[in-house]
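# Coordinates in review
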Amino acid sequence: MNPMACLSANHSTAAARPNESAPALGGAVRTSQRRIRELDALRGIAALIVVIHHVFVIFHAEVRATITGLAFDILNVVQAQNKAAVLTFFVLSGYAIGIATRGREPVTGVAIADYASRRARRILPLYWFSLAWTAALGLAYGAGEPSFSWQTLLGNAAFLQTSAVAKGNWFDPYGLNGPYWSLSYEAFFYAMLPTVLLLVRRGPLAAHPKTALIAIGCAATFAGFAGINLVPTPFAQFLCPWVVWIVGYVAVDLPRGWRSLALVAAPLLLIGGAVQAMAVAGLSSDTLGSVLTGTAIAFVFAAIALYHDWTAFAPVRALRRLLIALFGRIGDGSYALYLLHYPLLLALHAWLDAPFGAMAWWLAGAGLVVFTILVCPWLETTATRLARPRPPSAKPGPA
């Protein structure tokens, strides 16, 4: 089984990502550094789906005993969308990087260094904090657990972790923090971009870079699939869903028209054809099935980015405002929430195994809400501010 398939198991996650300044979908690029609140709302929705899923996984008996009837059925349907939530994060991440590198693609030494520095400043401070957080909370639930070893810690520091059940697994997520697996995918996507852009510039499709990127993305999926089955390694796993990320990247500044729609639909059709052909032959693949779902999500997202005029209608504007009001704050802290929530849930489960009574459960639930809405956005904002390079101090000139 591949890690994409593990999204329905205990190791599912949301790869919530730090935001970048970006334009409204399909609109002109903003020159300010304001966040796009619609994207934050989407991140918030996806992050909440994954947290609900993990609550169901870790506290299944307690949830089943506490929530019944229609409310349980609705929440059960919501938490089952965790796979789609992770794939949505991949698409949003590619789109955000496409905006962040617009006009400054990492294809020169200086641009690549700047790109790498920006990615490191956004990703690493909270990641390092989360490793310490996981180690500390692991004292409550991780006694004797091998994933707390220093070898696993080093593997996670190098972003080589995959799901424990993935083919070619080298390192499990550190400290049972299952969501870590998707962060290694994202790190690979980031690292792969400059090399691919350089290949495109020097290749036969240099005049059509977006077409070349989609073609390379599709080839990467099939190369990764072959690698998983022939010579399993984490890198083969990382290759498979890269096309989902690259469709989000390509969606930036696509010209409106059927050619653009056909371009972003190509991975969906190609991978869908492969899945159908395998089904006719009596075969199946969790890997390709998950990538197919991701390309469908990416196509819908890109189509909305292309044909955004309908969002000007009053009912749609009202819906956007409502979604931003409900989920934008969660989106502000989605990366921190992604990194930190799973070990917290495991620790709460270990602590609340003792007979503390119903009040303890209500207090834990209230604490989780505060953690999601207040603590995680504050942590993410603080980490971003501290990691931001300070401008050099002005030196007094000659009198």
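Anyway, here's the lowdown on the structure attached to this text. Being a predicted model, the structure only gives us computed values, none of them experimental.

### So, the packing of helix H8 (residues 209-230) against helix H10 (residues 242-250)
Contact pair H8 / H10: the axes reach a minimum separation of 8 Å and the direction vectors enclose 165°. Between H8 and H10, the angle is such that the two are roughly antiparallel. In the packing of H8 onto H10, the handedness of the crossing is left-handed. Listed contacts from H10 to Lys 210, Leu 213, Ile 214, Ile 216, Gly 217, Cys 218, Ala 220 and Thr 221 of H8 are Trp 242, Val 243, Ile 246, Val 247, Tyr 249 and Val 250. For the contact of H8 with H10, a count of residues per class yields 11 nonpolar, 2 polar and 1 charged.

### A look at the packing of H10 against helix H11 (residues 258-280)
Between H10 and H11, the least distance of the axes is 10 Å, while the angle of their chain directions is 165°. The angle between H10 and H11 places the two elements in the roughly antiparallel class. The crossing of H10 and H11 is left-handed. Contact residues: H10 offers Val 243, Val 247 and Val 250, while H11 offers Leu 263, Val 264, Pro 267 and Ile 271. For the contact of H10 with H11, a count of residues per class yields 7 nonpolar, no polar and no charged.

### Structural notes on helix H14 (residues 334-351)
An ideal rise of 1.5 Å per residue puts 26 Å on 18 residues; H14 measures up with 25 Å between its terminal C-alpha atoms. Leu 340 marks where H14 bends most, by close to 40°; the proline Pro 343 follows one to four residues later. Within H14, 15 of the 18 residues are buried, leaving the element largely enclosed by the surrounding structure.

### Quick notes on the environment of Cys 376
On the secondary structure map, Cys 376 appears in helix H15 (residues 358-387). By relative accessible area, which is 0% here, Cys 376 ends up buried. Spatially, the C-alpha atom of Cys 376 lies 5.7 Å from that of Leu 337, the residues being 39 residues apart in sequence. What Cys 376 contacts, discounting residues up to four positions off in sequence, is Gly 333, Ala 336, Leu 337 and Phe 371.

### A short note on the environment of Asn 169
With respect to the element layout, Asn 169 can be found in the loop between helix H6 (150-157) and helix H7 (180-202). Considered as a pair, Asn 169 and Thr 233 are 64 residues apart in the sequence and their alpha carbons are 6.5 Å apart. Beyond its immediate stretch of four places on either side in the chain, Asn 169 contacts Thr 162, Ser 163 and Ala 164. A polar atom in the side chain of Asn 169 sits 3.0 Å from the side chain of Thr 162.

### Things to note about the packing of aromatic side chains
The relation between two aromatic rings is expressed through the spacing of the ring centres and the mutual angle of the planes. Under the defined criterion, the tally for this structure stands at 20 aromatic pairs. With a centroid separation of 5.1 Å and an interplanar angle of 80°, the aromatic rings of Tyr 95 and Phe 301 are classed as edge-to-face. In this pair, Tyr 95 is assigned in helix H4 (residues 82-100) and Phe 301 in helix H12 (residues 286-306), connecting sequence segments 206 residues apart. For the residue pair Tyr 95 and Phe 301, the accessibility class agrees, reading buried in each case. Measuring from centroid to centroid gives 6.3 Å for Phe 129 and Trp 133, while their planes differ by 35°, and the two rings are tilted. Of this pair, Phe 129 and Trp 133 both sit in helix H5 (residues 109-141), 4 residues apart, which is roughly one turn of the helix. Take Phe 129: its relative accessible area is 37%, and that puts it in the partly exposed class. An aromatic cluster is present here, built from Phe 90, Trp 170, Trp 181, Tyr 185, Phe 188, Phe 189, Tyr 190, Phe 235, Phe 238, Trp 245 and Tyr 249 joined pairwise through their rings.

The rules behind the values
- Residues numbered from 1 in each chain as written.
- Predicted model: local features only at pLDDT ≥ 70, side-chain atom pairs only at ≥ 80, totals over all residues.
- Heavy atoms only, no water.
- Axes fitted to C-alpha atoms, helices over the stretch in contact; angles between N-to-C directions.
- Helix = DSSP H or I, 4+ residues; strand = E, 2+ residues; numbered from the N terminus.
- Parallel < 35°, antiparallel > 145°, perpendicular 65-115°, else oblique.
- Left-handed = near helix turned anticlockwise from the far one by under 90°.
- Contact = heavy atoms within 4.5 Å.
- Nonpolar A, V, L, I, M, F, W, Y, C, P; charged D, E, K, R; others polar.
- Expected span 1.5 Å × (residues − 1).
- Bend = angle between axes of the 7 residues up to and from the residue.
- Buried < 20%, exposed > 50% of the residue type's maximum accessible area, 1.4 Å probe, protein only.
- Polar contact = N/O pair within 3.5 Å; in protein donor to acceptor, adjacent residues only side chain to side chain.
- Phe/Tyr/Trp six-rings, centres within 6.5 Å; stacked < 30°, edge-to-face > 60°.

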